[in-house]
Structures are given as structure tokens and as C-alpha cells.
Amino acid sequence: MRNKTRIKTLIVMLTLACVFMLCGFAIKAVKLYDENSKLIDLDKAVKVEPIGPGGVDGTDEEGSVSANESSKETVSTPSAVSAISKNKAELKRTVNISVRSEEIRMDDKETTLSDIKEYFSEKHSDIAYIELTDDYAEAETFKEVMKVLDEAGVDYEVG
Amino acid sequence: MKSDKIISKLKKSIGLVFTATAFGAVCMMLMGLDFLNDSLVLDVNKNPLYKSAEAKTILDKYDKSLSDAKSKYNGVRIAVHGRIGSKKADGKEIGIVSLEDRSGSSKIIGKASGRAAISRIASLKEGDEVIVYGKISFGLIDQIDKNIYISIDSIYSIDEVKSLPEGTDSFSDGYIVRETMVSKTIANGKVMYFMPLSWEKKGTSIKKEGLGTVEGYRYVLDNPKADGENCDNLFICYFDSKLLKNEDDITDTIGVEKAIISNILGDEVDMGSLLMNTVTAQDGSGVKYQYYKGTYDSDLFTAPYRVEMVFRKAGEDGILFYLYLYDNDVDMAKNDNVKDILYVMNLTRVN
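All values derive from a computational prediction rather than experimental measurement.

The rules behind these values
- Residues numbered from 1 in each chain as written.
- Chains lettered and ligands numbered in written order.
- Predicted model: local features only at pLDDT ≥ 70, side-chain atom pairs only at ≥ 80, totals over all residues.
- Heavy atoms only, no water.
- Helix = DSSP H or I, 4+ residues; strand = E, 2+ residues; numbered from the N terminus.
- Contact = heavy atoms within 4.5 Å.
- Polar contact = N/O pair within 3.5 Å; in protein donor to acceptor, adjacent residues only side chain to side chain.
- Salt bridge = Lys/Arg side-chain N within 4 Å of Asp/Glu carboxyl O.
- Buried < 20%, exposed > 50% of the residue type's maximum accessible area, 1.4 Å probe, protein only.
- Patch = residues over 30% accessible without salt bridge, like charges linked within 9 Å, V, L, I, M, F, W, Y side chains within 5 Å.
- Areas by Shrake-Rupley, 256 points an atom, 1.4 Å probe, with all protein chains shown as cover.
- Axes fitted to C-alpha atoms, helices over the stretch in contact; angles between N-to-C directions.
- Parallel < 35°, antiparallel > 145°, perpendicular 65-115°, else oblique.
- Nonpolar A, V, L, I, M, F, W, Y, C, P; charged D, E, K, R; others polar.
- Pairing = 2+ DSSP bridges.
- pLDDT = per-residue confidence, 0-100.
- Lys, Arg positive; Asp, Glu negative; His and termini not counted.

Visitor: Run through the overall build of chain B, naming residues and quoting values.
Guide: Of regular secondary structure, chain B possesses 6 helices and 17 strands. In chain B, once contacts between residues fewer than 6 apart in sequence are set aside, the share between residues at least 24 apart is 58%.

Have a look at this one:
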């Protein structure tokens, strides 16, 4: 009688274990919306020529970079003594203004001509450069943005 | 009885299986730990940034207001520029004073426990001008212990490492990216990272260049091999929940990470073969990074690349990830790209 109880207990435990295992298998894997496209095609990436004297294939959507680059210097391990420039490492930022149809965006946030005018009425010494992008802009809107920037006396590049 | 024997055999079998599984799991865990200690090149905690400060600045603040000094410096990693004012006989403790004459005799007490730091202190003497890298702390009970302490991670004479402008970030070996830094925003401004200006010439939009469907940028960085081939590649990407079949799955962070890895490295990638680790940044930010490391074969005839992917949450609807692809044969100890990438990771802001 006692042994029958033990056998029943063991069977119940094994059954529960199997149920838990099956539940584990039943948990669905996370799937991407488009399983046929690569988020990053590494095969393609490693075949593209590196930038340097040869340049890369294609261009960055940010357009050309201003030649405002100081040489990179490192303070390496104690055995090396390097000549270090006195220049302070600066944190500067790029401002992106894009115009699509009649919509104006600055650093990915929607804005208006008057906001841009107000913003650039103050000097911002932490701005490295400003890029103005024509993203299928309505012609008059784009011209007005250029006019506001010109009147504010800021340098910008059209990309 | 027969049923007793059956039960006894069953118990033994279950016990054996359980023991074998537990033993196997412990072995795998130990092997993994041993691997991980040496192999994560982008570990933010092993390569934290230190803020440079003059000893005078810290001591002046401390003399003016202990509570202000504590709130600014307690627990912060600092590269202190000062002079050795005293040195204990055991060679493990130094007093750091200001370079300039100042009123007040307070000093910062530097304590070294690592062999390298102790050995360096032995070669220095009182009066030497030094840069000391370490974490600042204050006496536990203000009324009894009014000292500022720094636990020394590394120490250099000013002849070896030039002084750094106050507030500059550097690594404990003195490495600093002395370039103008520029910012890049992705994910509609949700993510902003700072990078050396020279990277702009090395960067391309992933989507625009037909390199993939995820939002982000790819940077091609030279490595010490310098033969023009097998350059390092760094991808900084934002994965939006809209890229999922079921957007609600974004809450299953591990599941999403696995889906991303399988997509990029191929469905045949064995997730079990990847080294995994979770690192919580110890710079006060509390940011959690999930690491995966493995190899990537571009074709059968070249040595495989190493790939290290680092994920962090970016709001409720997205994940920011870095993918670093580098040549298997490169000596990473000499690869400055790692320091630059760590710089970028430390300075990334997620709104």
C-alpha cells in the first residue's frame, strides 16, 4: 500500500517535470518584422574599402566634413614621453536643420522659423558646425530658413 | 519487494542525473568566467574614465565646505594633479598636497594596494609633482576623521604624463582623446553620442550605404596591423520596437538581443557558443550593459573576425547597441581604437 503511494508520488512529480519542460519549449522566440533583411550586412561591410587615402564607397548623409581637425595625441604608458599640445579637449556639437515639405526640424525636433531666429540670436560657442539639409523641402520654406540663418550671421553648410 | 527495487533504482537514477547536470553547469560557469575575465575588450568597468582635478581645487572646496566637497567628489574617479607632501615608511601611503602655497595643512591621503602602484610610489619621493588616478572617499565619521582619501589605481610622475586641463576625461594609463569631439543624434534625438571629429570622415549611415536596415552609423577605424585590410568596424545602432513582428516583445530584452544577433551573425549561430556577461556601470550612472562576444567568418579563406556586441536599453521602445568587429590577429593591447570606443560609450547619453 505504502509502495503504491510512493510510485504514485513519483509519477506525479515526473509528470509535473514534463509539463514544465513542455512549457519551456512552448515559449515563443522573439521574431523580427522582416526576417529576410539584414539589420547589418557584415559580409558587405567588410568588403567595402576603408576610408583613408582611398576614401569610401558612398558618402555620409551628413555631407562633407569641415577640415577642423586637430591631431590626435595620446598620453601613453609611462615608458613613453610624448609632446602634448596645450589645447583643451573640447566638446562641440553639430546642429542639424532639415526641411521636408514645409516642416522644419532642428536636431530631429520639430521647430519654427521664429524659434530658429531666437535660438541663433544668441552666440553658441559649443557648436562645431551647422548643417542645413534639403529633404524634399518646399522651395520657399527652405529659402526662408537660409535667410534666417544668413541674418543671424551663422555659418552653415547645405547638404 | 519488486516495487521497492523499482523505486530505489528510480531514486538513484534521478539523483545521478541531477548531480551530473549540476556538475556540468558549474564547470561551464567556471570556464565561462575564466574566459570572460580576459576577453571583453569593451568592458566599461575595467576601463573607467577619470576626471582631472588640481589638488588645490579639491582642498579649497574641502576647506570651504565639507558637505559641498563630499557631494562633488565622494565616490568619483579623479586624476589628481598635485605634489607628494609625505610618504609613509611602508610605501603604501602618500600625502598629496597642492602645487601652490596655500593656507591650511590639509592634504589628500593616497592609499595603494596594487603592486604596480606600490612599486611606482617606491620610485617617487617627497616633493615630486604627480598625477594620481583613483577614487575619492571621505572619513566615515566627519567629526573623527576629517581626511580626504584616494584609493590609488595608478600614479605617474609629471615627467611621464603631462598635466591635463581640469575637468578632462582620461583613462588610468593617461590616455586622452585630444581631439575636438562632435555629437551625433539618432533615434529622433533619443540617443546622443560624442565622438572624435576625425570619425566623421570615417563614418557612413548604415541605411544610406545599403549596409543594413537598422538605424545607425558605421565607422571604419584603422588597427595596428595597418595593412589597409581587415580594419576595425564599429557600428552604433538604435533598434526600434517597430522592427519586431510583435512590438510588445521589446520588453523581452534577452529575446530581442538574441533575435538581433541571429539576424546579424546568421541563424546558424550557436547562442551557447557566445560569451555573455552583464555589466552595471560603476560610474554612478547605473547603466546596464549586456555583452555578447563571438567570432564572425566573412569567408572560408580569411581568419575570422572577433565580434563584440554591447546592448543597453534606450527608453521603453528601443535598444541601443554597439557592434565592434575586429581582426582576430590584432594585438588588442596596442589597439587605441578600443580606448576611443570606450570614450564614446562613456559619453553616450540616452534621453
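Visitor: Could you give an account of the side chain of Ser205 of chain B, naming the residues involved and the relevant values?
Guide: Following the sequence through the fold, Ser205 of chain B ends up in strand β10 (residues 203-205). Only 3.2 Å separates the side chain of Ser205 of chain B from the backbone nitrogen of Lys208 of chain B, close enough to count as a polar contact.

Visitor: Could you give an account of the pattern of salt bridges, with specific residues and numbers?
Guide: The final tally for this structure, using the stated rule, is 12 salt bridges over all chains. Of the charged contacts in the structure, one is a salt bridge between Lys143 of chain A and Glu140 of chain A, with a shortest N-O distance of 3.9 Å. Separated by 3 residues within a single helix, Lys143 of chain A and Glu140 of chain A lie in helix α4 (residues 139-152), roughly one turn from each other. You can call Lys143 of chain A exposed: its relative accessible area is 52%. Judged by its relative accessible area of 44%, Glu140 of chain A is partly exposed. The shortest N-O distance in the salt bridge between Lys293 of chain B and Glu308 of chain B comes to 3.0 Å. Of the two residues, Lys293 of chain B is situated in strand β14 (residues 288-296) and Glu308 of chain B in strand β15 (residues 305-313); the sequence distance between them amounts to 15 residues. Glu308 of chain B carries the same exposure label as Lys293 of chain B, and that label is buried.

Visitor: Explain a nonpolar patch on the surface to me, and be specific about the residues and the numbers.
Guide: Taken together, the side chains of Leu14 of chain A together with Ile6, Leu10 and Ile14 of chain B present a nonpolar region at the surface, about 320 Å² in accessible area. The greatest single-element share of the nonpolar patch, amounting to 3 residues, is contributed by helix α1 (residues 2-39) of chain B. Considering the arrangement of structural elements, one finds Leu14 of chain A in helix α1 (residues 2-26). In this structure Leu14 of chain A comes out as partly exposed when scored by relative accessible area, which is 42%.

Visitor: Describe in detail the environment of Asp252 of chain B, supporting the description with residues and values.
Guide: Considering the arrangement of structural elements, one finds Asp252 of chain B in the loop between β12 (232-240) and α5 (253-265). Here Gly255 of chain B takes part through its backbone nitrogen, which lies 3.0 Å from a polar atom of the side chain of Asp252 of chain B.

Visitor: Lay out the packing of helix α2 (residues 55-64) of chain B against helix α3 (residues 66-73) of chain B with the relevant residues and their values.
Guide: Residue and element names in this part refer to chain B. One can describe the packing of α2 onto α3 by two numbers: an axis separation of 5 Å at closest approach and a directional angle of 135 degrees. In terms of their interaxial angle, α2 and α3 are classed as oblique. In contact with Thr57, Ile58, Lys61, Tyr62 and Lys64 of α2, α3 contributes Leu66, Asp68, Ala69, Lys72 and Tyr73. Each residue belonging to the contact of α2 with α3 can be placed in one class, and the counts come to 5 nonpolar, 1 polar and 4 charged.

Visitor: Could you give an account of the sheet that holds strand β17 (residues 349-350) of chain B, naming the residues involved and the relevant values?
Guide: All names here are of chain B. The antiparallel open sheet is built from 3 strands, whose spatial order is β8-β9-β17. Each edge of the open sheet carries a strand with a single partner, namely β8 (181-186) and β17. One ladder, built from 2 bridges, connects strand β9 (residues 191-196) with β17; its direction is antiparallel. Within β17, the residue paired with Met192 across the bridge is Arg349.

Visitor: Which residues make up helix α6 (residues 336-346) of chain B, and what values go with them?
Guide: Residue and element names in this part refer to chain B. Of all 11 residues making up α6, 9 are buried, and the element is well covered by its neighbours. Within the span of α6, buried status applies to Asn337, Val338, Lys339, Asp340, Ile341, Leu342, Tyr343, Val344 and Met345. Capping the start of α6, Asn335 holds a side-chain oxygen 3.0 Å from the backbone nitrogen of Asn337, two or three residues further along.

Visitor: With reference to specific residues and values, describe the environment of Tyr322 of chain B.
Guide: Residues and elements named next belong to chain B. Summarising the element assignment, Tyr322 is placed in strand β16 (residues 318-327). Each C-alpha atom, one on Tyr322 and one on Cys237, is 6.3 Å from the other, the two residues being 85 residues apart in sequence. When neighbours within four sequence positions are excluded, Tyr322 is seen to be in contact with Leu234, Phe235, Ile236, Glu308, Met309, Val310, Met345 and Thr348. A polar contact of 2.9 Å, which involves the side chain of Tyr322, links it to the side chain of Thr348.

Visitor: Before we move on, could you go through the confidence of the model for chain A and cite the residues and values that matter?
Guide: Model confidence for chain A is summarised by a mean pLDDT of 68, while 64% of its residues fall at 70 or above. The low-confidence segment residues 50-89 of chain A, where pLDDT is below 50, has 91 contacts with residues more than four positions distant or belonging to other chains.

Visitor: Requested: an account of the side chain of Arg77 of chain B, with residues and values cited.
Guide: All names here are of chain B. Checked against the element boundaries, Arg77 lands in strand β2 (residues 77-87). Buried Arg77, no salt bridge; nearest opposite-charge side chain is Asp153, N-O distance 4.5 Å. Setting aside anything within four residues of it in sequence, one finds Arg77 in contact with Pro48, Leu49, Tyr50, Lys51, Gly134, Lys135, Asp153 and Gln282.

Visitor: Would you mind going over the confidence of the model for chain B in detail, with residue names and values included?
Guide: Across chain B, the average pLDDT comes to 85, with 88% of residues at 70 or higher. A low-confidence stretch, residues 30-38 of chain B stays under pLDDT 50, and its non-local contacts, those more than four residues away or across chains, total 7 contacts.

Visitor: Describe the sheet that holds β12 of chain B, listing the residues and the values that go with them.
Guide: Residues and elements named next belong to chain B. Ordered in space as β10-β11-β12-β16-β15-β14-β13, the 7 strands form an open sheet in which the pairing is antiparallel. Edge positions in the sheet fall to β10 and β13 (275-280), since each has one partner strand and no second. Across the sheet, the mean angle separating the axes of adjacent strands is 20 degrees when strand polarity is ignored. Direction of pairing for β14 relative to β15: antiparallel, over a ladder of 7 bridges. Bridge pairing in β15 places Tyr292 opposite Met309.

Visitor: Any details on the pairing of strand β2 (residues 103-106) of chain A? Residues and values, ideally.
Guide: Residue and element names in this part refer to chain A. Only one face of β2 is covered, namely the one carrying Ile104 and Met106; the face carrying Glu103 and Arg105 has none of its residues buried. In this sheet, β2 lies alongside strand β1 (residues 93-101) in antiparallel orientation, the contact comprising 4 bridges. Residue Ile97 lies in a different strand from β2, and its bridge partner there is Met106. Where β1 hands over to β2, the hairpin turn is made up of 1 residue, counted between the paired strands. As defined by bridge partners, β2 adjoins strand β3 (residues 109-111) across 3 bridges and the pair is classed as antiparallel. In the sheet register, Ile104 faces β3, and the bridge partner there is Thr111.

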